[in-house]
Amino acid sequence: MEEKIELKDAFAEFKKQKNIDRSTMMGVLEDVFKTQLAKTYGSADNFDVIVNVDRGDCEIYQTLTVVEKVENPATEIAIEDVDDDYEIGDEYVRTVDMKEFGRRGILNLRQNLQGRIMDIERANLYNEYTGKIGELFIGEVYQTWSKEVLILDEDGNELRLPKSEQIPGEHFKKGDTVKSIIKSVEMKNNTTPYITLSRISNEFLEKLFELEVPEIFDGLITIKKVVRIPGERAKVAVESYDERIDPIGACIGVKGARIIGIVKELRNENIDVLQWTSNTNLLIQRALSPAKISSIVPESDDKIKVFMLPDEVKKGIGKGGCNIRLASMLVEKEIEVWREVDQNQEEEEDVLLSLFDDVIDQWIIDRLQAIGCDTAKSVLAFSPEDIAKRADLEDETVEEIFKILAAEFEED
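Quick caveat, the model's predicted, so the values are computed rather than measured. (Residues numbered from 1 in each chain as written. Predicted model: local features only at pLDDT ≥ 70, side-chain atom pairs only at ≥ 80, totals over all residues. Heavy atoms only, no water.)

**Brief notes about the overall build of the protein chain**
Here is step 1 of the chain: Regarding its fold elements, the protein chain presents 15 helices and 15 strands.
Here is step 2 of the chain: The C-alpha atoms of the protein chain give 36 Å as radius of gyration, which overshoots the globular expectation for 412 residues (22 Å, by more than 25%).
Here is step 3 of the chain: Here the C-alpha coordinates of the protein chain stretch approximately 125 × 55 × 40 Å along the principal axes.
Here is step 4 of the chain: Here the protein chain holds 412 residues, and the buried ones make up 42% of them.
Here is step 5 of the chain: In the protein chain, 57% of the contacts between residues at least 6 apart in sequence involve partners at least 24 apart. (Helix = DSSP H or I, 4+ residues; strand = E, 2+ residues; numbered from the N terminus. Rg over C-alpha atoms; globule rule 2.2 N^0.38 Å. Buried < 20%, exposed > 50% of the residue type's maximum accessible area, 1.4 Å probe, protein only. Contact = heavy atoms within 4.5 Å.)

**Quick notes on the packing of aromatic side chains**
Here is step 1 of the chain: Scanning the model with the defined rule gives two aromatic pairs in all.
Here is step 2 of the chain: For the pair Y41 and F47, a centre-to-centre distance of 4.9 Å together with 40° between the ring planes defines the contact as tilted. Each of the two residues, Y41 as well as F47, counts as buried.
Here is step 3 of the chain: With 5.3 Å between their ring centres and 75° between their planes, Y86 and Y92 make a pair best called edge-to-face.
Here is step 4 of the chain: With relative accessibility at 26%, the residue Y86 sits in the partly exposed group.
Here is step 5 of the chain: The cationic tip of K132 hangs over the ring face of Y129; the distance from NZ or CZ to the ring centre is 5.0 Å.
Here is step 6 of the chain: Taking the ring centre of W338 as reference, the NZ or CZ of K305 above it sits at 4.2 Å. (Phe/Tyr/Trp six-rings, centres within 6.5 Å; stacked < 30°, edge-to-face > 60°. Lys NZ or Arg CZ within 6 Å of the ring centre and 35° of its normal.)

**Structural notes on the nonpolar core**
Side chains of nonpolar character tend, in soluble globular proteins, to be buried together.
Here is step 1 of the chain: Core analysis: the biggest nonpolar cluster contains 24 residues, and I284, L288, I293, V306, M308, L330 and I335 have the highest contact counts within it.
Here is step 2 of the chain: For this core, the secondary-structure elements that each account for two or more residues are β10 (221–229), α8 (280–287), β14 (303–308), α9 (310–317), α10 (322–331) and β15 (334–339).
Here is step 3 of the chain: A per-element tally of this core places α10 first, with six residues.
Here is step 4 of the chain: What L330 contacts, discounting residues up to four positions off in sequence, is K225, V227, A237, L274, L283 and A287. (Core = buried A, V, L, I, M, F, W, Y, C linked by side-chain atoms within 4.5 Å.)

**A closer look at helix α14 (residues 384–391)**
Here is step 1 of the chain: Among all positions of α14, only I387, A388, R390 and A391 are buried.
Here is step 2 of the chain: D392 sits one or two residues past α14 and shows a positive phi near 55°.

**What about the sheet that holds β14?**
Here is step 1 of the chain: An order of β13-β14-β15 is seen for the three strands of this open sheet, with the pairing classed as mixed. Looking at strand neighbours, the two that pair on one side only are β13 (295–300) and β15, the edges of this open sheet. Averaged over all neighbouring strand pairs, the angle between strand axes comes to 25°, with direction disregarded.
Here is step 2 of the chain: The pairing of β14 with β15 spans six bridges and is parallel. Paired with V306 across the strands is V337, a residue of β15. (Pairing = 2+ DSSP bridges. Axes fitted to C-alpha atoms, helices over the stretch in contact; angles between N-to-C directions.)

**A look at the pattern of salt bridges**
Here is step 1 of the chain: In total, this model carries 24 salt bridges according to the counting rule given.
Here is step 2 of the chain: A salt bridge links E239 to K224; the nearest nitrogen and oxygen atoms lie 3.8 Å apart. With E239 in strand β11 (residues 233–240) and K224 in strand β10, the pair connects residues that are 15 residues apart, well separated along the chain.
Here is step 3 of the chain: Note on K224: relative accessible area 38%, which makes it partly exposed.
Here is step 4 of the chain: The salt bridge involving R233 is made with D272; its shortest N-O contact spans 2.8 Å. Note that R233 is positioned in strand β11 and D272 in strand β12 (residues 270–275), a separation of 39 residues in sequence. (Salt bridge = Lys/Arg side-chain N within 4 Å of Asp/Glu carboxyl O.)

**Examining the side chain of K235**
Here is step 1 of the chain: Within the secondary structure, K235 sits in strand β11.
Here is step 2 of the chain: For K235, a relative accessible area of 1% gives the class buried.
Here is step 3 of the chain: Of note is the side chain of K235, whose polar atom sits 2.7 Å from the backbone oxygen of A287.
Here is step 4 of the chain: Dropping the residues within four chain positions of it, K235 is found in contact with K225, V226, V227, D272, L274, A287, N323, L326 and A327. (Polar contact = N/O pair within 3.5 Å; in protein donor to acceptor, adjacent residues only side chain to side chain.)

**Here we look at the side chain of T277**
Here is step 1 of the chain: With respect to the helices and strands, the residue T277 is situated in the loop between β12 and α8.
Here is step 2 of the chain: Given the relative accessible area of 14%, T277 is considered buried.
Here is step 3 of the chain: From its side chain, T277 meets the backbone nitrogen of N279 in a polar contact 3.1 Å long.

**Quick word on the sheet that holds β10**
Here is step 1 of the chain: Strand order in the open sheet made by the three strands is β10-β11-β12, with mixed pairing throughout. Looking at strand neighbours, the two that pair on one side only are β10 and β12, the edges of this open sheet. Taking the axes of each pair of neighbouring strands and ignoring which way they run, one obtains an average angle of 20° across the sheet.
Here is step 2 of the chain: Where β10 meets β11, eight bridges bridge the pair, whose relative direction is antiparallel. Considered in β11, the bridge of V226 is made with V236.

**Topic: a negative patch on the surface**
Here is step 1 of the chain: Together, E385, D392, E394, D395, E396, E399 and E400 make up a negatively charged patch on the protein surface.
Here is step 2 of the chain: When residues in the negative patch are grouped by element, the largest group, four residues, is from helix α15 (residues 395–411).
Here is step 3 of the chain: Positionally, E385 belongs in helix α14.
Here is step 4 of the chain: Taking the relative accessible area as the measure of exposure, E385 reaches 56% and is therefore exposed. (Patch = residues over 30% accessible without salt bridge, like charges linked within 9 Å, V, L, I, M, F, W, Y side chains within 5 Å. Areas by Shrake-Rupley, 256 points an atom, 1.4 Å probe, with all protein chains shown as cover. Lys, Arg positive; Asp, Glu negative; His and termini not counted. Charge placed at Lys NZ, Arg CZ, Asp CG, Glu CD.)

Here's what the structure looks like:
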């Protein structure tokens with residue numbers, strides 16, 4: 001009786017898995033029983049298993065050949081042990097009692113059945129979320145750790161938001177509702193699928209726009225490209241297929257109503273929405289806005305020089321070089337900003353950095369020129385912190401540079 005109860009519980013557990021279809025369930029149950037039959041009797045070839053899922057049990061029948069003297073009890077039965085209606089060579093079918101498996105066999109059946117349930121659940125979960133990669137996910141924080149956040153879906157499945165996929169500076173607590181994108185699904189050591197979420201991917205920003213801007217969701221406006229420096233700034237290039245629709249205005253909304261929700265979700269990340277164009281020069285001009293460009297000179301297939309008046313350089317480069325980096329990512333070319341100056345005026349009021357090569361190492365001058373600072377005053381126009389970050393220089397090095405350049409004008 002105890003063995004039957006254990007199996008009954010295992011059947012009930014299997015039956016309640018709604019995501020396992022009936023045919024799969026029948027096949028698994030039959031396979032589990034035949035595996036145990038093979039262990040118990042040496043072979044399952046002469047056994048038939050009839051599973052009754054609704055009733056929560058199964059019937060097992062063994063087909064034996066009637067013989068005069070039994071040599072193999074697993075496949076034969078003596079004629080003296082059967083009714084008079086049988087003759088030698090006939091097939092005799094008997095019902096197998098579960099007790100024949102023994103307690104250990106019953107436990108093996110239960111464990112194998114539970115193991116197969118888990119395997120099917122893992123495979124179903126893997127297939128379900130693999131098909132959702134790139135989709136927006138909204139879930140509730142269940143637990144937080146230093147390196148990741150655990151989020152549950154409606155069915156209680158676990159998804160992970162690693163620290164590396166979180167926007168810098170954001171923190172979560174249990175119970176918070178979090179929006180993210182499903183980034184990847186991996187099977188690790190035959191355990192539950194490891195589902196990774198992301199809030200820093202470009203696709204996440206695209207999905208937020210689809211959520212807030214009906215014209216994008218309906219396909220009237222297309223997002224052509226997204227580039228981001230998560231937590232700082234992003235550029236979204238959009239295009240409308242309907243001349244009556246202003247793609248930029250539709251994305252921003254009346255008084256910024258649509259863009260505000262996205263900015264808040266991204267922890268106040270600045271978002272520039274610009275109109276897409278296949279004209280690279282025009283796209284650069286739009287990407288470097290609000291700075292005004294004087295001229296654009298292609299230097300190679302992957303590098304472009306952009307010239308601006310001195311007052312425009314800082315706006316073009318942006319805080320910490322953020323604007324120029326995003327513009328470069330948008331056009332997929334390295335953009336260098338150069339100051340456009342009157343050479344005569346420069347000789348009277350400013351000094352080229354190249355003239356300081358006797359007191360400043362050439363590699364430092366090269367780095368300063370690469371960020372658009374080719375004269376002494378163009379460097380001094382920025383704070384030491386900005387120069388250190390943009391040119392990737394040590395604070396002590398920048399401090400020394402500022403002393404040298406400032407001294408030049410004090411002497412004058």
